[in-house]
Amino acid sequence: MANKKVAVITGSAQGIGKELASRLASDGFRIVLSDVNESLLQETANEFENKGIEVTYFVGDVTKPEDQQGLVQQAVDTFGSVDVFINNAGVEGQVGPITDVDPKSVDLVMDINVKGVLYGIQAAAKQMIKQGTGGKIINACSIAGQEGFEMLAPYAASKFAVKGLTQTAAKELARHKINVNAYCPGIVGTGMWERLDEKFREHLGTKKGEAFEKFSEGIALGRSQTPEDVANLVSFLASEDSNYITGQSILTDGGMVYR
């Protein structure tokens, strides 16, 4: 048990983050969950414990550097190390024409999607450097970090920023044997897309589910994505099989955006 690695996942009380945590647990990691939603987080932690998973959790806001530091400390205090840190937490923000973008929405998206990732990288890297054994930092990017999409200006801008942070951190941290990569999902059937679908209805007059179906039509492999599809890539990036990969923002979208 003493040599089991430890994975920390932000935004892991539900959705993709929860699936990432579940997959890494099945890969043999001890799990540290984190989210701002305390009740849902505790519920997820209890669910994991009932499955025999070694898990702890930390209620934290990724936009606060002290919370990211506290999350890392929780992992160290409970399990002794941080070997994988996944900056998964994110929000879609305002959906609408670029001419109507609200400054408050820009601030919200940038605070969570960009600053949250930066603060997570900082906290994880400092601990990994201290440990001296390397590690994996994995960031949530998006197809919108590879190509701008209509009606999603703040979100796309934030994800392009994540790609830049990933490359910069990879270059700086390579000498410490810390790999930094990002995963870029496509159209995933989660709560975020339910919210996006509703917002598209407001602006485009589409029917319920129509925007999701329209976006999904362009997927070469013929179906929308599941959280498990995303977890398959993240599992690889967290493993030793990805030791020679760093600075990459890898698409997992079924064939939508080609880079």
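The name an unreviewed UniProt entry assigns to the protein is diacetyl reductase [(S)-acetoin forming], from the organism Siminovitchia sediminis. Reading the Sequence similarities (unreviewed entry) entry of the UniProt record for the protein gives the comment "Belongs to the short-chain dehydrogenases/reductases (SDR) family."

Moving on: the side chain of T166. Structurally, the position occupied by T166 is in helix α5 (residues 153-173). Only 3.0 Å separates the side chain of T166 from the side chain of N139, close enough to count as a polar contact. When neighbours within four sequence positions are excluded, T166 is seen to be in contact with N139, V180, N181, A182, G247, Q248 and S249.

Moving on to the sheet that holds strand β3 (residues 55-59). Taken together, seven strands build an open sheet; the order of strands is β3-β2-β1-β4-β5-β6-β7 and the sheet is parallel. Both edges of this open sheet fall to β3 and β7 (249-252), since each of them pairs with a single strand only. The sheet shows a mean angle of 20° between the axes of neighbouring strands, taken without regard to direction. Of the pairings in the sheet, the one linking strand β1 (residues 6-10) to strand β2 (residues 30-35) comprises five bridges and is parallel in character. Pairing of T10 across the sheet is with S34, part of β2. Against the sheet, helix α3 (residues 65-79) contacts β1, β2, β3 and β4 (84-87), and its axis sits at roughly 160° relative to β3.

Ranked by internal contacts, the top residues of the largest apolar core, which has 28 residues, are L20, I31, L33, I86, I138 and Y183. Going through the elements one at a time, β1, α1 (15-26), β2, α2 (38-50), β4, β5 (135-140) and α8 (227-238) are the ones with two or more residues in this core. Here this core takes six residues from α8, the largest share from any one element. Other than its neighbours up to four places away in sequence, I86 contacts V8, I9, T10, L20, L24, I138, Y183 and V234.

Attention shifts here to α5. With 21 residues, α5 extends 30 Å from end C-alpha to end C-alpha; this agrees with the ideal 30 Å at 1.5 Å per step. The complete set of buried residues in α5 reads P154, Y155, A156, S158, K159, V162, T166, A169, A170 and L173.

Let's shift gears to the side chain of T252. Mapped onto the elements of the fold, T252 is located in strand β7. The buried category is assigned to T252, whose relative accessible area is 13%. Every residue in contact with T252, bar those within four places of it in the chain, is listed here: C184, P185, G186, Q225, D229 and L233.

As a further point, take the pattern of salt bridges. On inspection of all chains with the given rule, the structure shows nine salt bridges. R23 serves as the salt-bridge partner of D27, at 3.3 Å between the closest nitrogen and oxygen. Look at D27 and you get partly exposed, because its relative accessible area is 36%. Of the residues examined, R23 reaches a relative accessible area of 26% and is grouped as partly exposed. Residue R30 is joined to E54 by a salt bridge in which the shortest nitrogen-to-oxygen separation is 3.2 Å.

Both faces of β4 are covered, namely the face carrying V84 and I86 and the face carrying F85 and N87. As paired strands, β1 and β4 are joined by three bridges and run parallel to one another. Paired with A7 across the bridge in β4 is V84. Judged from the four bridges that link them, β4 and β5 form a sheet pairing that is parallel. Paired with V84 across the two strands is K136, which belongs to β5. Handedness of the β-α-β unit built from β4, helix α4 (residues 103-131) and β5 comes out right-handed.

About the criteria used
- Residues numbered from 1 in each chain as written.
- Predicted model: local features only at pLDDT ≥ 70, side-chain atom pairs only at ≥ 80, totals over all residues.
- Heavy atoms only, no water.
- UniProt positions renumbered as here; feature names shortened; annotations may be inferred.
- Helix = DSSP H or I, 4+ residues; strand = E, 2+ residues; numbered from the N terminus.
- Polar contact = N/O pair within 3.5 Å; in protein donor to acceptor, adjacent residues only side chain to side chain.
- Contact = heavy atoms within 4.5 Å.
- Pairing = 2+ DSSP bridges.
- Axes fitted to C-alpha atoms, helices over the stretch in contact; angles between N-to-C directions.
- Core = buried A, V, L, I, M, F, W, Y, C linked by side-chain atoms within 4.5 Å.
- Buried < 20%, exposed > 50% of the residue type's maximum accessible area, 1.4 Å probe, protein only.
- Expected span 1.5 Å × (residues − 1).
- Salt bridge = Lys/Arg side-chain N within 4 Å of Asp/Glu carboxyl O.
- Right-handed = clockwise from strand over helix to strand, strands pointing away.

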